[in-house]
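# Residue-level structural notes
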Amino acid sequence: MDFRVHRLYTGRIGSNAYVVENGGRAAVVDAGMGRAVLDFAEKNDLKIELCLLTHGHFDHIGACAALQRAGAKIGVSRKDADKLYTENNLGGAFGVETEPVRPDFIFRGGEAIDFHGLKFTVLETPGHSAGSVCFLTELGIFSGDTLFCGGVGRTDFYDGSEEQLSASLEKLFALPDAPVYPGHGLSTTLKREKENNPYV
Ligand SMILES: [Zn+2]
């Protein structure tokens, strides 16, 4: 199995979209904004098959409609699904228009989504939003806006919860050390954040 992770910096807020590549095929974790993922796929001749969302905020889902038109199946958790087609994605609050999109499938929580032998296990990590999830893979953890390098996600949005975020972080830190690919900023590791993150 040969999988490569590419981090793309997208939009003016700088949300990360991750392209996991496997022999001309790709799974994307968070679509990001604008054409970053599509341009990368075109340039590298990749067929995007899957787009898994850590949550439904506008800066992570902006490109979803375009990815779906290009053939990607969009997956999101039940509690964040409405953000894909309503103002609950907070785009309006930030003055960003987001093209609405209907998800192709909904996570149950705890299941493993298969991408040509690479499993993305859905770990429910509410707090930043009610439906935030992380994806556990053998390549590392895609942590969305739950855990950053040197920070944690905001909990002051309408369906955020500081209490839930703390419990979610505890869940993550109970896992064995692994690379962490966050929704914003640089990659890190679980161990490093456990020891150095000032918010933990
Ligand atoms: Zn967010």
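Relevant structure appears above.
Residues numbered from 1 in each chain as written. Predicted model: local features only at pLDDT ≥ 70, side-chain atom pairs only at ≥ 80, totals over all residues. Heavy atoms only, no water.

### Here we look at the sheet that holds strand β9 (residues 133-137)
Selection criterion: Two strands pair if DSSP finds at least two bridges between them. Helix numbering and strand numbering both begin at the N terminus, where a helix is a DSSP run of H or I of at least 4 residues and a strand a DSSP run of E of at least 2.
The strand order β7-β8-β9-β10-β13-β14 describes an open sheet built from six strands, whose pairing is mixed. Each of the sheet's edge strands pairs with one partner strand only, and the pair in question is β7 (112-115) and β14 (188-189). Sheet topology note: the β7/strand β8 (residues 118-124) ladder contains four bridges and is antiparallel. Across the sheet, Phe-115 pairs through a bridge with Leu-118, a residue of β8.

### Considerations on the packing of aromatic side chains
How we decide: Centres within 6.5 Å make a pair out of two Phe, Tyr or Trp rings, where for Trp the six-membered ring is used; the pair is then stacked when the planes are under 30 degrees apart, edge-to-face when over 60, and tilted otherwise. Here the term buried applies to any residue with accessible area under 20% of the maximum for its type, exposed to any over 50%, and partly exposed to those in between, with areas from a 1.4 Å probe on protein chains only.
Scanning the entire structure with this criterion turns up ten aromatic pairs. Look at Phe-3 and Phe-115: their rings are 6.1 Å apart centre to centre, the planes differ by 55°, and that puts the pair in the tilted class. One end of the pair, Phe-3, is in the segment before β1 (4-10); the other, Phe-115, is in strand β7, and 112 residues separate them in sequence. In terms of burial, Phe-3 and Phe-115 fall into one category: buried.

### A look at the pattern of salt bridges
Our working rule: Whenever a carboxyl oxygen of Asp or Glu lies within 4 Å of a side-chain nitrogen of Lys or Arg, that contact is scored as a salt bridge.
Scanning all chains against the criterion turns up eight salt bridges. Lys-119 is the salt-bridge partner of Asp-114, the closest N and O atoms lying 3.5 Å from each other. Judged by relative accessible area, Asp-114 falls into the partly exposed class, the value being 45%. The class for Lys-119 is partly exposed, based on a relative accessible area of 46%. Across the pair Lys-191 and Glu-195 runs a salt bridge, and its minimum N-O distance is 3.6 Å. Remark: Glu-195 and Lys-191 occur in helix α5 (residues 190-196); sequence separation between them is four residues, near one turn of the helix. Its relative accessible area of 55% is what places Glu-195 among the exposed residues. One network of salt bridges, in which partners are shared, links Arg-35, Asp-39 and Glu-42.

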